[in-house]
Structures are given as C-alpha cells and as structure tokens.
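Structural description and commentary
Now for the letters of each chain:
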Amino acid sequence: FCSLSVDLSKENPYEDVELESQCSQQSLPSSPGADTSKRPSPEHLTLKHVPSPLLSSFIMAYSTAPCLTPSLPAHRQRLVSVQSILSQPSQSQVHYSGTNNRNSSLDKEPHQRKLFEYFLVVSLQKSKAGAHYQPEVTQQFPPKLERSFKFMRETEDQLRIIPQFCFPDAKDWESVDNYPSEMFSFVLTGEDGSRRFGYCRRLLPSGKGKRLPEVYCIVSHLGCFNLFSKVLDEVERRRALSPALVQPFMRAIMEAQFPAPGRTITIKTFLPGSGTEAMELCRPADSRLEHVDFECLFSCLSLRLLLRVFGSLLLERRVIFTADKLSTLSQCCHAVVALLYPFVWQHTYIPVLPSAMLDIVCTPTPFIVGLLSSCLPQLTELPLEEVLVVDLGNSRFLRQLDDEDSILPSKLQSALENVLERRRELGIGPQQSSSFNFLHLSPVLAVVPEAFVRFFVELVGHYPLFIVGEREDGYSSSSSSPGPCSFQREGFRKAIPSKAVRRFLEVFMETQMFGWFIQERELHRRALKGLFEVRVQEYLDSIHENEHRRVNRFLKGLGNKMKFLSKK
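These remarks concern the structure in this document. Values in this document were obtained by computation on a predicted structure and should not be read as measured data. Positions within a chain are numbered from 1, following the residues in the order the chain's sequence is written. Restriction of local features to residues with pLDDT of at least 70 applies here, the model being predicted, together with a cutoff of 80 or more for giving and counting side-chain atom pairs; totals for whole chains, interfaces and linings are based on all residues. The side-chain numbers reported here are obtained from all heavy atoms of the structure, hydrogens and water having been left aside.

Time to look at the sheet that holds strand S4 (residues 133-141). Strand pairing is assigned whenever DSSP identifies at least 2 bridges connecting the two strands. Strands here are runs of E lasting at least two residues and helices are runs of H or I lasting at least four, both read from the DSSP assignment and numbered beginning at the N terminus. Sheet architecture is open: five strands sit in the order S4-S3-S7-S6-S5, paired in antiparallel fashion. The two strands at the open ends of the sheet, each matched to only one other strand, are S4 and strand S5 (182-189). Averaged over neighbouring strand pairs, the angle between their axes works out to 25 degrees when direction is ignored. One ladder, built from six bridges, connects strand S3 (residues 118-126) with strand S7 (residues 214-220); its direction is antiparallel. Across the sheet, the residue bridging to Val-122 is Val-215, located in S7. Contacts between helix H5 (residues 246-255) and the sheet are confined to S3, S4 and S7, with S4 contributing the most and set at about 65 degrees to the helix. An axis is simply a line fitted to the C-alpha atoms; with a helix, the fit covers only the stretch in contact. Between two such axes, the angle follows the N-to-C directions and lies from 0 to 180 degrees. Contact definition: two residues touch when any of their heavy atoms are within 4.5 Å.

This next bit is on the sheet that holds strand S12 (residues 367-372). Taking strand neighbours across the sheet as the criterion, the five strands line up as S11-S12-S10-S13-S14 in an open arrangement whose pairing is mixed. Both edges of this open sheet fall to strand S11 (348-350) and strand S14 (396-399), since each of them pairs with a single strand only. Across the sheet, the axes of successive neighbouring strands diverge by a mean angle of 25 degrees, strand direction being ignored. Alignment of strand S10 (residues 318-323) against S12, held across six bridges, turns out to be parallel. Looking at S12, one finds that Ala-323 is bridged to Leu-372. Taken strand by strand, helix H7 (residues 303-314) contacts S10, S12, strand S13 (388-391) and S14, and its axis lies near 45 degrees from that of S14.

To continue, consider the pairing of S3. The cut-offs for exposure are 20% and 50% of the maximum accessible area for each residue type, with area from a 1.4 Å probe on protein chains only; residues under the lower value are buried, those over the upper are exposed, and the others partly exposed. Counting buried residues in S3 gives seven out of nine residues, a clear majority hidden from the surface. Counting the residues that bridge the hairpin from S3 to S4 gives six residues, and of these Gly-130 lies at a positive phi of roughly 80 degrees.

To continue, consider the pattern of salt bridges. By definition, a salt bridge exists where a carboxyl oxygen of Asp or Glu is found within 4 Å of a side-chain nitrogen of Lys or Arg. Overall, the coordinates contain 21 salt bridges when judged by the stated rule. As a salt-bridge pair, Arg-423 and Glu-295 come within 3.1 Å of each other at their nearest N and O atoms. Residue Arg-423 is located in helix H11 (residues 423-426), and its partner Glu-295 is located in helix H6 (residues 294-300); the two are separated by 128 residues in the primary sequence. In this structure, Glu-490 engages Arg-493 in a salt bridge whose closest nitrogen and oxygen atoms are separated by 2.6 Å. With Glu-490 and Arg-493 both in helix H14 (residues 489-494) and three residues apart, this pair spans about one turn of that helix.

Aromatic ring pairs are described here by two measures, namely the spacing of the ring centres and the angle between the planes. To pair, rings of Phe, Tyr and Trp, with the six-membered ring standing in for Trp, must have centres within 6.5 Å; the planes then decide the type, stacked if under 30 degrees apart, edge-to-face if over 60, and tilted in the middle. Taken as a whole and judged by the stated rule, the model has 24 aromatic pairs. On the basis of an interplanar angle of 25 degrees and a centroid distance of 6.3 Å, the ring pair of Phe-197 and Tyr-199 is categorised as stacked. Both residues of the pair, Phe-197 and Tyr-199, count as buried. Either the NZ atom of lysine or the CZ atom of arginine qualifies as a charge over a ring when it sits within 6 Å of the ring centre and within 35 degrees of the ring normal. Positioned over the ring face of Phe-298 is Arg-423, at 4.0 Å from the centre of the ring.

The subject of this paragraph is helix H10 (residues 410-421). A helix is expected to span 1.5 Å multiplied by its residue count minus one. Helix length check: H10, at twelve residues, gives a terminal C-alpha distance of 16 Å against a target of 16 Å (1.5 Å per residue), a fit within 8%. Residues of H10 that are buried include every one of Leu-412, Gln-413, Ala-415, Leu-416, Asn-418, Val-419 and Leu-420, and no others.

So, on to the pairing of S7. Counting buried positions over the seven residues of S7 gives seven, a clear majority of the element. What you see with S7 is no split at all: Glu-214, Tyr-216, Ile-218 and Ser-220 on one side and Val-215, Cys-217 and Val-219 on the other are buried throughout.

Right under this line is the structure:
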C-alpha cells in the first residue's frame, strides 16, 4: 500500500477550498483593488529592484534581535514590526467550492462522498503457534462490501493489512490492568496514488483484571483528525454502555450529508436512557493546516533541529522519526508534512510503520516513516541508504548526513527561526490575521503555518509571472488567458536577487513536489485558492505598487529636469 510510483496528474486530496468575503456571500478578489492587467511582464521583472514587504518583515524579525536587552519602547516598536507578519487585515475565509471545483463532492466516487468508508474494531488474538499475539478484525461496519470489483479488491487488501497498523507493536503486548487511552492515525496509499486515513483509538475494553487492549479504527478519505477524534469519543462512550449501540451510531454518521469544507453538520442519534442526542461535526476548511498539532512537534524537537528536518524534506530525502508512543509519532509526522504546505509530499509516507514492514526503510527512494523506539535495535541491523533518523523522545539525530544545517538559505532560515521562537509572544492579544479566521486556529497556533507560508512566498511567490500561455501568433500571453500554459523555469530562477536563494531554488526545482506544484498551477490556474494563494496575491500586488512608485519617481524626476532646462 505504500506505492513508490507517483502520478502527478492525481488531485491533491487536501486542496478543496476557495475564498469568499467574510462579511457577505459574494466572492471577492483575494486582494481588493488589484489590477492584474498592470502587473510587470516576466521579461521585465527584476526582483532585486522590488524589495518585498514580506521579506522585510522576516528580516526585521531577524536583524533587530540584539544581544543586549532592549529598552521597553524600542522593544515594543520591534514587536509591532514582527507582528505585521501576522496582522494583515482579514479579507477572506474559506467556503465550499461548488460543483465546478475538481474536488467537489459531486465529482467524487460514491464512497468518497461519505464521511468514512468503514469502521473496524481490532483486537489481539493468540497466534496459531501460541507464542505471541496477532491483531485481527473482530467487528466491521458496514459488514458487507457493496461496491465495484476494483473497490472491493482494494478494500479487502486493506482490511488484511490495517490490523498491523492498529497494532504495529503486537509482538510486545501482554495483558495489563491499566492502559491510558491513546489516539493516533496512519495513512494508506493505494495503487492509484490515492490516500486513505486511518483514525485509531486504542484503549482497554471495559472489565476487571488484566486484559488486552483493542483499537477502534475509522478509515476515511478525509484528513480531519479532530473530527474523527470526536466521533471516536462517542464510540468509546457508547461501547462502554453496550457494543450494540455502536453500529446504529456509525450508520447515522455514514448516512449523514457530506459536509462542505468549513461547514458543520449535526448528527442526531438515540441513546437509551438519554433520549435523542445531537452531535456537531465540523469539517476543516483547509485540512492541511487545521487539526494539526504543531505544538507536539515543537515540544519534541528543538527549533534548530526542526528546521534541519524541514530543509531535508524540501530536498526529498529519506527521514525516519522514532518515539515511544504512537500518538507522538503520528502527530509529529502529520505536523512536519503540514509545514510543507503549499507543497505536497509525493513519496512514501507512513507515520506509523509496523515492525513487520521494517524493510521498507531500505528503499533508495524518498520516504517519511515513523517507527516505535522498540524497533531501533532491528533498524541498526538493516543496510540503510543515506537517511536522517530523528529521535523525537530525546530531541536529537541518531543518524544524519552532516549538511542539514546548510540546506536552507541562511537569511530566510534566520528570519523564520526568529519568528518561530517568538510564536507565543506574537500570538498573544487581539489579532486580525486572515489566517486565524479561515484556518480556525488560535493565534498562537496560527503563527506557525503563517510563518512557513511566508517563507515559501519569499521563495516561490513570483511563480504566476512565469506561467505563460502561447497565442496563435507565437507570442506569450498572460497566464490568466485560456489555452495551454508553460512554466519559464530559467526566468523564474534568475528573477531571485540572492545568490544563496537561487542556489537552493535550483536544487528545489528538481524535486517532485515542486514539479507537482507547478503542474497543478499550469492546469488549474484559476481554481486553486487558499492561504498561500492569498499571500502570493498580496506579494504580487506589492511588486506592482513598487513598480508604479518607481515609474512615478522617474517621471517626476524627468519633469523636474525639463523644468530646469526650460529655465535655462
């Protein structure tokens, strides 16, 4: 299920959002007043003459951090400059994209229009040899597969392998009388590149004395950790009363209307002794940035190590994370992948790898893999290729390539690091950032995705100026015009004034995630909307404004010179 082949034509399962006004139902441009027809053409663009306000904000955060304790007024002034990164006026929020969007629920397969595909209870059973336990499905809903043959075959394959992901440590288990409930998730990649998410709750069943845990697992195409965590809370409550109460509840969930991004649905079910109960479920507007536990990642890794991991992933290297708990592994793996937004990891991604599949880490292709610490002795015996091994429990690298600290452009890395170090400080107080509003994140948590989005805007935010179409007369046309488009790679790279950034970009542009990013924007120029596109629009508007000011200064200077000559 961990397909190593990549089909760049596959849709991004996360990108299903677009923007609308926060105050009305009418769509608004992402940057009011912008006149895209006046943007400088690619051949006339020179970014080194157009200082970016976003980069200025980053560099302000970096360059104004003195070694000595600043005076209070100066400190407040600098804080205002840094907060400008996060306090852009809110112009937009996310809403359902309608039937014209390629990810519309109406365009999906029938099983993709449901909140989940199936619900499983997985328990540990004695193996035939009797030496150890092995996981098996003991309950399934729906009980029968009534789909196409292809879907049934793939689902049957998944049902055979899912128990191993629910109990990747099955061989280590013995009966216990106490075990705290644990939530984790995994990802299955199908033959066609599509991804399914497994949301798991592992706990001890009700009873007395020593017993083995069981796992409740929901498999869905939706990346909504918090939504399914809430469902599993209710499953756990009902199963404690009676296992017979679980199936009617899950049927009500499956039959519920498929929620649009950012929308909430209400599920009403009957519970003996309590009557009819209602539960609200909110689907995230952008599941790549919402429902991600960034703080878990920061609590496990120092900022310096985190940015080294981030740089390694941008170059599509092999990375293994280890931790003692399944919840820590899955949360940190999901969080580090979310930091790549708007780019999508195109290679093997297994947040929780069963020990029986450990040989996967010997593959020469890129991967992100999570391993329980109990697997480390086996890992050291394998013939590994160049790989970064990250110990989440002790905030250290167990194995590295020794160049991780020099991957990212130094100024951008320093600015990013400074903002992240102050994320709590920057997230305190009333904020007006649009990212807070349409990501539905607290200000402290919104600092993290906002900072990384700004990093990518500085790196590739000028890309729309270099996606051009071909007219019938052979001349290039605006990327907004209909017809085939192509990406001007060399012009895009050379437009960056910094040599260090150009060197990094030259390597980054060879990755599959960058190739997918550009191809998506060549094919769907107008359809893609989200936090990144909003920030890019603001960036391009700032370029246009600076170009306009420069022309005005030239004309004013020319006018003054003509006046001076006429006096002579």
